[in-house]
Amino acid sequence: MTEQVGSLAFGGKKDTARADSSVEQSERTPCGQTELSSCNRSTAPSTNQLDRDTRKARKSIRESSMNRFKTSKFKNTTPKIAKKDGWINNVRAGSFSCQGNHIKASSKLVAFNTEQAGGGMLGLSSLKPGSDGQWTVTQISCHSDLVTDMDFSPFDESLLATCSGDETVKLWRLCDPELQPPSSPELTLRPGQGRLELVLFHPTSSGLLAVGATKVPLIWDAGRQDTPLAVLEQHGDQLQSLSWKPDGSLLASSCKMVLFLKMLHCLFPQSAKSLQNNKDSRILWAKDDLLLTTGFDMVRQSFREARLWDSRKLSSSVGSASLGTSNGMLIPLFDEDTGLLVLAGKGDTAIDCFEVSASEPFFSQVSHCLTDTSTRGAAAVPKAALDVLSCEVMRVLQLTDGCIVPISYQVPRKNSNQEFHEDLYPDTVGTTPAMSAEEWWEGGNKQVNAPRSQPVFPASPAAFNLTLLPQDPARGCSTSSSPLSTPSSSAAASRSPSSASGLSSSFLPSPSPGPSPSARPIQSMLGQTSKLRHIQGAVMHRTTHITNLRGLNLTTPGESNGFCVNRQRVAVPLAISGGQIAICERSQPGRLPDTALPTIQNSVNVVDLSWDPFDPHRLAVAGDDAKIRVWQVPEGGLKETLTEPEVLLQGHTEKIYSIEFHPLASGILASSSYDLTVRLWNLEAEEQVKLLTGHQDQIFCMAWSPDGKLLATVCKDGKVRIYEPRKSTAPVQEGTGPEGHRGARVVWVCEGKYLLVSGFDSRSERRLSLYSAGSLSSGAIAATNIDTSPSTLIPFYDPDTSVVILTAKGDTRVHIYEIAAEEPYFMECSSFNSPEPHKGLAFLPKSECNVRDVEIAVGLMLTKTAVEPVAFRVPRVKKEFFQDDLYTDTAVCWEPALTAASWLSGSNGQHKKISLKPADMTPLSEAPKEAPVRKYLPSSVYLEEKTDEQKKDELLSAMVSKLGNMDDPLPQDSFEGVDEDEWDD
């Protein structure tokens, strides 16, 4: 098996003719090179031709000899490992099998793989410490599977692209780690090519990505979310690395198998055998037309080496460097401005630095750096963040198991802290894209403008404040209009190298021509964002927990929620013979005694259970004997075991699936069964009143509409049905439901005008689908995939905020979305992660929320041995005011609006509403307006500051005054001397 390095050229649709011509010429010449055609003629060369060739060869030898003795200004570049107080600690880096480098850096942020959540979370820290001199490290839940690769946008220091084993690419708008991390991506792409391994931003075009699946590279315009721009030729084996040429015209890839020369659309690939081994390899563009590869030698399979290739002639490498034996893959980091190449081996404690040249010697070793800990990953810091006044020409971040170690490469110079050495810093690329993805695809070849590297010495600290981006008070993020659009002139200036890193950067951008007129802002495609997107879930204090629960029944059917709660108590089925149910009083939290507790003995296994919403003492329990038992819990809780139910309902012929109380009428209960029927019961009359038919398979779930007129069901036969029970026993509407057959849930949303169905798609991914209640037959109007897991997501919907909270039995993550009746329909909010897998999550009425803490939902989470309250809060600054934009008048859902008899006779009603505002709180809408506060001190403050000379004179004067007056006599002057005559003795 052999590895391969390929160079794929892209010129867009307009370059098709040129690519065709290249293919025709390459078929007539070795290696597909038109330049070699003259070397393959059968005619003998003339004498003059031989003389010219001889002179040319001698000139080449002389130039090569001169280059061999040419002195490089980077030959003495010295690596300096930061002191331990300059390391980023509290890092839990994992060791994962993927093709990425595990860490990436922008001029402001650092993102890296962590071992938490199976690798689905990323660690995030700032490049510079906070005001206290410490680094804040936080985690972002990015994917449901391992994050395989990541890349920061070259045009936006806060935009990060990630790809994962869950087959998605996500774009994240990151903030300072000290602020609330983002809970949802700005954009999600689903290539549909299986596990994704690589993601890479284009160096000159905005919104353009190269994505590497297992064997297929893709080119994706993020503005076109539906399909990629191009799906390239499938590789013969695992795709291992991708690299854009700095001018954006070519894409290089490496894999383990040889690619065949083949025309695909307008793409013209070349291929070559690079490093003869089936181990991992990496590819990277170097200067001009040169390519760098790292890998292993074929004969000595643990012997690592780096090779240099001419992309115009890939038949053989032009130079190589050996790096000894090891099993760790070499990560190459190359700086085009200086030609420095840093090679860090995974698992190694040594990092090598070479200078790469286009002529002999191709590799010149600069340094060999030994670190304290082994390397898990490595990343180069952008030029904008370097300390140019210290002659820092490159900085590498070494990711280890517990920390990130900065290694600074500096060129020793005299007066390095006082002068800017222009010869070390040629013009480097800027941060404003040269063109849009559409322009590049149409054949554009514009280049990013290079800002001029010059020293910056601002007159005062206020000079830096003029270039800061405006901040979003909710998140502290930059308020750019789009994560992928071309920056505006002001934003581009603020993200220029000089403003990105302050004085240490010392780059001044040259005037920018402004954004490309064809660059489309992506915010219009992303739509509106939720004002609740920063919602935070938190487990309440331990004193509110009910602990020491023993013998819980953790095998209730998937159609059941597993347990149920109301404002006063919790009912939990136990795994004890006789179908026993524990009743816990919420007013008596704490540790339950080890002795046996009084329970409800249901006599048969519990299938589902539900509290009467209008009577906190009445509990309905469905058993596997096809009967429903209604129990009455006495005031104050159980004092003795209950063995006789208050009501016994019989009618179903097979085991019951689930039961559901009517939301408005007291005493009306619906039940679904294996006999494929839904029956309505009048608890007051203790009889069946309706029988609904039409289901062809197992009934997964049923839900009453908010007005109580309709009943919706979702079935294993792939159908969603709506019934009007008082008028017909057959469904009045029917539509296509989820494709998967593993389970589903349904809930009414948006004032009862839509149905939200939680289920699975054909690939067993968990999926949310939104249906119009008025036209089920038209199918889902919107859908979104959540993740991959075997458990069905159970939804809870808050009609006051249009927020749906979803989780499943055995999950640790709680997903939160705001549902809208128009695009984008699903607005993802921050998710909540529990410390351990929970067995269920049930919610309390809105009246249980503490509005002073801005709680919009309170639930009880069932674990293996405890019931823990969880509060979902919205971060707000002015919490002393009643947040009336969040708390609309809420329905009094704990009081019935109708009796069972009146509802059955055709009457309709609705709950009355109340305000949750406490009497001593002022609504936020009536809060007094605050006068704007100056963020920065006026310039007069800085102008009145004393100069260094004035401070020096004052310091000397103070020291002299402390020493005393120098004219005063010394103590020895007052001593008496010896008389002259005494010397004679």
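On a predicted model such as this, the values are computed, not experimentally measured, just so you know. (Residues numbered from 1 in each chain as written. Predicted model: local features only at pLDDT ≥ 70, side-chain atom pairs only at ≥ 80, totals over all residues. Heavy atoms only, no water.)

**Describing the overall build of the protein chain**
Summing up its helical and strand segments, the protein chain has ten helices and 63 strands in all. Residue burial in the protein chain is summarised as follows: out of 985 residues, 53% are buried. In the protein chain, once contacts between residues fewer than 6 apart in sequence are set aside, the share between residues at least 24 apart is 57%. (Helix = DSSP H or I, 4+ residues; strand = E, 2+ residues; numbered from the N terminus. Buried < 20%, exposed > 50% of the residue type's maximum accessible area, 1.4 Å probe, protein only. Contact = heavy atoms within 4.5 Å.)

**Considering unusual backbone geometry**
Backbone torsion omega between Glu360 and Pro361 reads -5°, so that peptide bond is classified as cis. In this structure, Pro361 sits in the loop between β25 (350-356) and β26 (363-370). In this structure, Pro824 follows Glu823 across a cis peptide bond, with omega equal to 10°. Its place among the elements puts Pro824 in the loop between β56 (813-819) and β57 (826-828). Phi at Glu167 takes a positive value of approximately 70°, unusual for a residue other than glycine. Within the secondary structure, Glu167 sits in the loop between β8 (156-164) and β9 (169-173). A positive phi angle, near 65°, is found at Asn548, a position not held by glycine. Here Asn548 lies in the loop between β32 (546-547) and β33 (564-565).

**Side note on the sheet that holds strand β4 (residues 109-113)**
Spatial ordering of the open sheet is given by β3-β4-β5-β6, a layout of four strands whose pairing is antiparallel. Of all strands in the sheet, those bounded by a partner on one side alone are β3 (103-105) and β6 (138-141). Between one strand and the next, the sheet's axes are offset by a mean angle of 25°, whatever the strand orientation. The pairing of strand β5 (residues 121-126) with β6 spans four bridges and is classified as antiparallel. Bridging across to β6, Gly123 finds its partner in Gln139. (Pairing = 2+ DSSP bridges. Axes fitted to C-alpha atoms, helices over the stretch in contact; angles between N-to-C directions.)

**Quick word on the side chain of Thr801**
With respect to the element layout, Thr801 can be found in the loop between β54 (794-798) and β55 (803-807). Given the relative accessible area of 8%, Thr801 is considered buried. Of note is the side chain of Thr801, whose polar atom sits 2.7 Å from the side chain of Asp798. Filtering out sequence-adjacent residues up to four positions away, Thr801 remains in contact with Leu532, Glu818, Lys846, Ile856 and Leu886. (Polar contact = N/O pair within 3.5 Å; in protein donor to acceptor, adjacent residues only side chain to side chain.)

**Quick look at the UniProt feature "repeat: WD" (unreviewed entry) in the protein chain**
As annotated by UniProt and renumbered to match this structure, "repeat: WD" (unreviewed entry) occupies residues 140-174, 649-691 and 692-724. With 0% helix and 66% strand, residues 140-174 has end C-alpha atoms that lie 10 Å from one another. Annotated as 0% helix and 52% strand, the span residues 692-724 places its first and last C-alpha atoms 9 Å apart. (UniProt positions renumbered as here; feature names shortened; annotations may be inferred.)

**Concerning the pattern of salt bridges**
Under the criterion given, the structure shown has 35 salt bridges. Between Arg550 and Asp594 there is a salt bridge whose closest N-O contact spans 3.0 Å. Separated by 44 residues along the polypeptide, Arg550 in the loop between β32 and β33 and Asp594 in the loop between β36 (590-591) and β37 (599-601) bring together distant segments of the chain. Residue classification places Arg550 among the partly exposed positions, given a relative accessible area of 49%. When its relative accessible area of 49% is taken as the criterion, Asp594 is described as partly exposed. (Salt bridge = Lys/Arg side-chain N within 4 Å of Asp/Glu carboxyl O.)

**As for the packing of aromatic side chains**
Enumeration according to the criterion identifies eleven aromatic pairs in this entry. Look at Phe354 and Phe363: their rings are 6.2 Å apart centre to centre, the planes differ by 90°, and that puts the pair in the edge-to-face class. For Phe354, a relative accessible area of 5% corresponds to the buried category. Geometrically, the ring pair formed by Phe796 and Phe843 is stacked, given 4.1 Å between the ring centres and 10° between the ring planes. One end of the pair, Phe796, is in strand β54; the other, Phe843, is in strand β59 (residues 840-843), with 47 residues separating them in the sequence. According to the relative accessible area criterion, Phe796 is partly exposed, its value standing at 24%. Three or more aromatic residues joined by ring pairs form one cluster here, namely Phe796, Phe832, Phe843 and Phe872. Cation over ring: Arg742 sits above Phe760, and NZ or CZ is 5.2 Å from the ring centre. (Phe/Tyr/Trp six-rings, centres within 6.5 Å; stacked < 30°, edge-to-face > 60°. Lys NZ or Arg CZ within 6 Å of the ring centre and 35° of its normal.)

**Some remarks on the nonpolar core**
Within the largest apolar cluster, 26 residues are counted, with the highest numbers of intra-cluster contacts made by Val342 and Tyr409. Those elements that provide at least two residues to this core are β23 (330-335), β24 (340-345), β25, β26, β28 (392-399) and β29 (404-410). Apart from the residues within four sequence positions on either side, Tyr409 is in contact with Thr77, Thr78, Pro79, Val342, Ile351, Cys353, Ser367, Cys391, Glu392, Val393, Met394 and Val396. Core analysis: the next-biggest nonpolar cluster, separate from the first, contains 23 residues, Val814, Ala857, Met861 and Leu886 among them. (Core = buried A, V, L, I, M, F, W, Y, C linked by side-chain atoms within 4.5 Å.)

**A word on the sheet that holds strand β22 (residues 319-325)**
One open sheet accounts for four strands, arranged β19-β20-β21-β22; its pairing is antiparallel. Lying at the two open borders of the sheet, with one neighbouring strand each, are β19 (282-285) and β22. Averaged over neighbouring strand pairs, the angle between their axes works out to 15° when direction is ignored. Summarising the sheet, β19 and strand β20 (residues 290-296) pair through four bridges and their orientation is antiparallel. Opposite Arg282, over in β20, you have Thr294 as the bridge partner.

**Digging into the environment of Pro875**
Structurally, Pro875 can be placed in the loop between β61 (867-873) and β62 (890-891). Expressed as a C-alpha distance, the spacing of Pro875 and Asp853, which sit 22 residues apart in the sequence, is 8.7 Å. With residues up to four places along the chain from it excluded, the contact list for Pro875 reads His534, Ile535 and Gln536.

**A closer look at the side chain of Ser705**
Along the chain, the position of Ser705 falls in the loop between β46 (699-704) and β47 (711-715). For Ser705, a relative accessible area of 2% corresponds to the buried category. Of note is the side chain of Ser705, whose polar atom sits 2.6 Å from the side chain of Asp707. Here Lys709 takes part through its backbone nitrogen, which lies 3.3 Å from a polar atom of the side chain of Ser705. If sequence neighbours within four positions are ignored, Ser705 has contacts with Pro663, Leu710 and Trp748.

**A short note on a nonpolar patch on the surface**
A surface patch of nonpolar side chains, about 310 Å² in accessible area, is lined by Leu955, Leu956 and Met959. Tracing the backbone through its elements, the reader meets Leu955 in helix α10 (residues 948-963). Look at Leu955 and you get exposed, because its relative accessible area is 53%. (Patch = residues over 30% accessible without salt bridge, like charges linked within 9 Å, V, L, I, M, F, W, Y side chains within 5 Å. Areas by Shrake-Rupley, 256 points an atom, 1.4 Å probe, with all protein chains shown as cover.)

**Some remarks on the confidence of the model for the protein chain**
Scored by pLDDT, the protein chain comes out at a mean of 79, with 77% of its residues at no less than 70. Per-residue pLDDT stays below 50 along residues 7-46; that stretch engages in 60 contacts with residues further than four places along the chain or on separate chains. A low-confidence stretch, residues 257-268 (pLDDT under 50), is modelled with 45 contacts involving residues beyond four sequence positions or located in other chains. (pLDDT = per-residue confidence, 0-100.)

**Brief notes about the pairing of strand β60 (residues 855-862)**
Remark: a regular strand shows side chains that alternate across the two faces of the sheet. Counting buried residues in β60 gives eight out of eight residues, a clear majority hidden from the surface. Direction of pairing for β59 relative to β60: antiparallel, over a ladder of four bridges. By the bridge assignment, Ala842 is partnered in β60 with Leu860. As paired strands, β60 and β61 are joined by seven bridges and run antiparallel to one another. Looking at β61, one finds that Ala857 is bridged to Phe872. Remark: four residues form the turn of the hairpin made by β60 and β61, two consecutive strands paired antiparallel.

**Things to note about the environment of Lys446**
Counting through the fold element by element, Lys446 comes out in the loop between α3 (437-441) and α4 (462-465). Among the residues examined, Lys446 registers a relative accessible area of 45% and is labelled partly exposed. For Lys446 and Ala434, which are twelve residues apart along the polypeptide, the C-alpha to C-alpha distance reads 5.6 Å. Not counting chain neighbours up to four residues away, the residues in contact with Lys446 comprise Thr204, Ala434, Met435 and Glu439.

**Examining the environment of Asp237**
Relative to the elements of secondary structure, Asp237 occurs in the loop between β15 (230-231) and β16 (239-244). By relative accessible area, Asp237 is classed as buried at 19%. Sequence-wise, Asp237 and Lys256 are 19 residues apart; in three dimensions their C-alpha atoms are separated by 5.5 Å.

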